[in-house]
Number of protein chains: 2
Amino acid sequence: MFRKGILFVISGPSGVGKGTIIDSVISNFSDLNLSVSVTTREPRANEIDGREYFFVPVSKFQQMVADGELLEWAKVYDNFYGTPRQMVLDHLKSNQDILLELDIQGALKVKKTMPNAVFIFIAPPSFEDLMQRIEKRGKDSQSSIETRMKSYESEMQYMEYYDYVVINENLNIAISVVSAIITAERCRYNNILR
Amino acid sequence: MFRKGILFVISGPSGVGKGTIIDSVISNFSDLNLSVSVTTREPRANEIDGREYFFVPVSKFQQMVADGELLEWAKVYDNFYGTPRQMVLDHLKSNQDILLELDIQGALKVKKTMPNAVFIFIAPPSFEDLMQRIEKRGKDSQSSIETRMKSYESEMQYMEYYDYVVINENLNIAISVVSAIITAERCRYNNILR
């Protein structure tokens, strides 16, 4: 019995710990591909072009948008982010799974064009927990933190567009739950090739 | 965040190994209740009334049917099997999960009255594998084995009414996949109480 490739979209408020969860989940599955997004933001320390993101100048990003090369793109906190369309389609066409990490705006756009994707919302146990997490991370300016606080309520309301909600209260549990979702979706009747 | 109780229905051709899988899955989850069916068949060695089944005479079974006390019932290989309705509803009402092991006829009936249940089909890797398994088990008469062989093709066609298909090629993998389905379903957005 063979099965179709599945597009998994992992999303949630920024700072909730999506990246850390995804790093472990990807290492749990040898046959799960991670999509690499394009962004115009500056690389953070330890980020490598083509691994975390493809880092491009704004002019190049705009050209990709104009040429329809992005599955979704969005402006978040003054930077552009986008998902290369062809990479995703190529994996699905060859019945391979691919995982996207997207902010909430991006996930909602992908939902419109790829309704069969599996949407996983990573939620913080509480607003206070999310704020502590972001401050501890220390990667964000005060103004960026304030923007996040404002968008929290509206972001949480988008949960209803997702298939699954995973609360990141305990990291190891969150990792095992996301892994369980991937295992389960792989044996859904609708994903079997007949 | 609280969630609704979920009814899990595990089914598949007889002899495929449903019972063995369920024993392990139940021991993996302290908060997963196992429904106990009513049957008119004779207890096998080691079976205890009220644990594997409630063993009742045919007259009592017919009374339960007449009184609407069974969620589903079916005649399989000259015996009656049924699921006590109240036990299932009580668990769901108190937001607890309950798992039913049903033959394919029973699962299809429950699907009509409980469309929100999660239906898991346990499939053998092949017809030959299933036959070997049944013969090895040695619990079945030759005529019962022949009846099973005849019903195999039609039973496999009912797979399409299920949400998930788990192939029982390797027992430990099958157990972990069914466990993953339970974990995943518990964090589906639709099962969250709002």
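Before going into details, it helps to say that this report is about the structure given with it. (Residues numbered from 1 in each chain as written. Chains lettered and ligands numbered in written order. Predicted model: local features only at pLDDT ≥ 70, side-chain atom pairs only at ≥ 80, totals over all residues. Heavy atoms only, no water.)

With respect to the environment of V177 of chain B
This is how it is decided: Each helix is a run of H or I in the DSSP string that is no shorter than four residues. Each strand is a run of E no shorter than two, and both are numbered from the N terminus. Throughout, exposure labels follow a simple rule: accessible area from a 1.4 Å probe, protein chains only, divided by the maximum for the residue type, with under 20% read as buried, over 50% as exposed, and the rest as partly exposed. In this description, contact between two residues means that some pair of their heavy atoms is separated by no more than 4.5 Å.
Relative to the elements of secondary structure, V177 of chain B occurs in helix α7 (residues 171-186). For V177 of chain B, a relative accessible area of 14% puts it in the buried group. On a C-alpha basis, the gap between V177 of chain B and V165 of chain B in space is 9.8 Å, while along the polypeptide they are 12 residues apart. Contact partners of V177 of chain B, with chain neighbours within four places excluded, come to T183 and C187 of chain A together with V166 of chain B.

As for the packing of aromatic side chains
Residue and element names in this part refer to chain A. Basically, it comes down to this: Stacked, edge-to-face and tilted are the three classes for Phe, Tyr and Trp ring pairs, Trp counted by its six-membered ring, which pair at centre distances within 6.5 Å; planes under 30 degrees apart are stacked, over 60 edge-to-face, the rest tilted. Over a ring means this: the NZ of a Lys or the CZ of an Arg is within 6 Å of the ring centre and within 35 degrees of the ring normal.
Here the structure, examined in full by the defined rule, presents 18 aromatic pairs over all chains. Ring centres of W73 and F80 lie 5.9 Å apart, and the angle between their planes is 50°; on these two criteria the pair is classed as tilted. An aromatic cluster of at least three residues, connected via ring pairs, comprises Y53, F55 and Y81. Positioned above the aromatic ring of W73 is the side chain of K109, whose terminal nitrogen or guanidinium carbon lies 5.2 Å from the ring centre.

Remarks on the environment of V110 of chain A
Residues and elements named next belong to chain A. If you trace the backbone, V110 turns up in helix α4 (residues 104-113). Note: C-alpha distance between V110 and V9 (101 residues apart in sequence) is 8.6 Å. Among residues more than four places away in sequence, those in contact with V110 are L7, V9, L71, E72, L100, L102 and F119.

Here's the deal with the pattern of salt bridges
Put simply, the test is: In the sections that follow, a salt bridge refers to a side-chain nitrogen of Lys or Arg positioned within 4 Å of a carboxyl oxygen of Asp or Glu.
One pass over the structure, following the stated rule, counts 16 salt bridges over all chains. The partner of R188 of chain B in a salt bridge is E185 of chain A, with the nearest N and O atoms 3.7 Å apart. Taken together, the residues span two chains, with R188 of chain B in the loop between α7 and β11 (192-193) and E185 of chain A in helix α7 (residues 171-186). Owing to a relative accessible area of 5%, E185 of chain A belongs among the buried residues under this scheme.

Digging into the side chain of H91 of chain A
Residue and element names in this part refer to chain A. Summarising the element assignment, H91 is placed in helix α3 (residues 85-93). For H91, a relative accessible area of 15% puts it in the buried group. Setting aside residues up to four positions removed in sequence, H91 forms contacts with N33, Q96 and I98.

Looking at the interface of chain B and chain A
Let me state the cut-off plainly: Buried area is a sum: the accessible area each of two parts loses on coming together, probed at 1.4 Å, counted once for each and added. Pairs of N or O atoms within 3.5 Å make up the polar contacts considered here, provided that, within protein, one atom can donate a hydrogen while the other can accept it, and that residues adjacent in sequence are counted only when both atoms are side-chain atoms.
Contact residues are listed per partner, giving 19 residues for chain B and 19 residues for chain A. Taken together, both faces of the contact between chain B and chain A bury some 1700 Å²; the carbon and sulfur share is 73%. Between chain B and chain A we count two salt bridges in total. Connecting chain B to chain A are six residue pairs in polar contact (both at pLDDT 80 or more). The element contributing the most residues to the side of chain B that touches chain A is α7 of chain B, with six residues.

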